Amino acid sequence: MITVLSGGVGAARLLRALRRHDADVELSAVVNVGDDVVMHGLTICPDLDTIMYTLAGVNNDELGWGLAGESWRVMQRLGELGGDNWFGLGDLDLATHLYRSQRLSHGATKTEVTRELVSKFGLDVALLPVSDDSITTEFDTEMGPLSFQEYFVRHHHDVVVNAVRVRGAAAARLSDESRDALERSERIVIAPSNPLISIDPILRVPGVLDILSQRRDDVVAVSPLVGGAALKGPADRLMRELGHDVNSVGVARFYQGIVGTMIIDVVDANQADAVSATGCDVRVTTTVMSDENHAMALADAVRS
Ligand code: FO1
């Protein structure tokens, strides 16, 4: 069994590669819920949905979120009515949020609803919200406090961030399913997701750090920075603004004590010694899953 600590796109691609690499391995993902948001009364779980849509092969590759072949009639009409439409909910995507929200309002947990959706999408990967309790990532910025999606979508993550807060994480209960996956897996992988806003909210849930530090030799992290830059999103900018080195060494320091092996990109081969000096093994391979061969190479590195 392999369990992947997951944010959105990078984790989705890694999970897809791991599934293609070995059709039989038991795969699960412990997924960040700090980006989750209630909009128009609907509960939206961007990381869970990005992974689900990607594994089902129905994701919108250009946008990196939402569904392929999407239309936007509801948002257009909402705008005409003067409603908030800066957070784009496609007509097809809305069905997922309606389904989830109705089930939650009837007392189902996020874990249960996700299991139902995963089964309806015909997937054989267990997608596990790290907790069923409310966890909300927020930013202190030059504009004042912003919610995750205000920062990320409304302001295009183009605002100086002074601090990140993960409200609710310290009091959240690690779901039984997530705990079981983390304890039972022979390999735990930290996906090439944003360490500060995708992985950290998972690490802050009580119990996760203890399990990872005890199982350190089985934990492999893939650096999301290549040549000092993130492939997508604000990881590089946030690392700089929050005082971390903006390279794989900075990522390795962030994960110090919980990771036995860091996988860094060939572009960063010259950082291998400095990464290793943080106290972990280093594997150098291609980490950019730009085509099937590269994705398989990364899956190989993660498993070996
Ligand atoms: N990202 C955007 O950049 N613009 C959007 O309008 C947007 C809408 C959206 C709707 C549903 C969903 O599941 C995700 C959505 N995202 C959108 C992506 C998402 O908010 C972020 O990429 C993640 O939260 C960061 O991991």
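Residues numbered from 1 in each chain as written. Predicted model: local features only at pLDDT ≥ 70, side-chain atom pairs only at ≥ 80, totals over all residues. Heavy atoms only, no water.

Participant: Outline the packing of helix H4 (residues 93–105) against helix H5 (residues 110–120), supporting the account with residue identities and numerical values.
Facilitator: Closest axis-to-axis distance for the H4/H5 pair is 9 Å, and the angle between their directions is 140 degrees. It follows that H4 is oblique to H5 by the angle criterion. Relative to H5, the crossing made by H4 is right-handed. Along the contact surface, H4 presents Thr96, Tyr99, Arg100, Arg103 and Leu104, while H5 presents Lys110, Val113, Glu116, Leu117 and Lys120. The class makeup of the residues in the contact of H4 with H5 is 4 nonpolar, 1 polar and 5 charged. (Axes fitted to C-alpha atoms, helices over the stretch in contact; angles between N-to-C directions. Helix = DSSP H or I, 4+ residues; strand = E, 2+ residues; numbered from the N terminus. Parallel < 35°, antiparallel > 145°, perpendicular 65-115°, else oblique. Left-handed = near helix turned anticlockwise from the far one by under 90°. Contact = heavy atoms within 4.5 Å. Nonpolar A, V, L, I, M, F, W, Y, C, P; charged D, E, K, R; others polar.)

Participant: So what about the site of the ligand? Which residues, and what values?
Facilitator: Taken together, the neighbourhood of the ligand is formed by 14 residues, with Asp35, Asp47, Trp65, Gly88 and Gln149 sitting nearest. Asp35 places a polar side-chain atom, nitrogen or oxygen, 2.8 Å from an oxygen atom of the ligand. Residue Gln149 places a side-chain N or O atom 2.8 Å away from an oxygen atom belonging to the ligand. In isolation the ligand exposes 530 Å². Once the protein is present, 85% of that is buried. In this structure, the ligand is accommodated by the largest pocket. Of all the secondary-structure elements, those providing two or more residues to the shell around the ligand are helix H2 (46–56) and helix H6 (148–154). (Near = heavy atom within 4 Å. Polar contact = N/O pair within 3.5 Å; in protein donor to acceptor, adjacent residues only side chain to side chain. Areas by Shrake-Rupley, 256 points an atom, 1.4 Å probe, with all protein chains shown as cover. 1 Å grid on protein atoms, 1.4 Å probe; cavity = no way out; pocket = protein on both sides within 12 Å on 5 of 7 lines; lining within 4 Å. Sits in = over half its atoms within 2 Å of the grid points.)

Participant: How would you sum up the environment of Glu112? Please name residues and give values.
Facilitator: In this structure, Glu112 sits in helix H5. Among the residues examined, Glu112 registers a relative accessible area of 33% and is labelled partly exposed. (Buried < 20%, exposed > 50% of the residue type's maximum accessible area, 1.4 Å probe, protein only.)

Participant: Give a description of the pattern of salt bridges that names residues and reports values.
Facilitator: Applying the stated criterion across every chain, the model contains 21 salt bridges. With a shortest N-O distance of 2.9 Å, Arg20 and Glu292 are connected by a salt bridge. Placement of the pair is Arg20 in helix H1 (residues 9–21) and Glu292 in helix H13 (residues 292–303), with a sequence separation of 272 residues. Judged by its relative accessible area of 38%, Glu292 is partly exposed. When salt bridges with common partners are traced through the structure, they connect Glu138, Asp140, Arg165 and Arg167 into a single cluster. (Salt bridge = Lys/Arg side-chain N within 4 Å of Asp/Glu carboxyl O.)

Participant: I'd like to hear about unusual backbone geometry, residue by residue, with values.
Facilitator: With a phi angle near 50 degrees, His156 is a residue other than glycine that sits in the positive phi range. Tracing the chain through its elements places His156 in the loop between H6 and strand S8 (161–167). Classification of His156 by relative accessible area gives exposed; the value is 58%. Positive phi is not limited to glycine here, since His157 has a value of about 40 degrees. Counting through the fold element by element, His157 comes out in the loop between H6 and S8. Taking relative accessible area as the criterion, His157 reaches 22% and is therefore assigned partly exposed.

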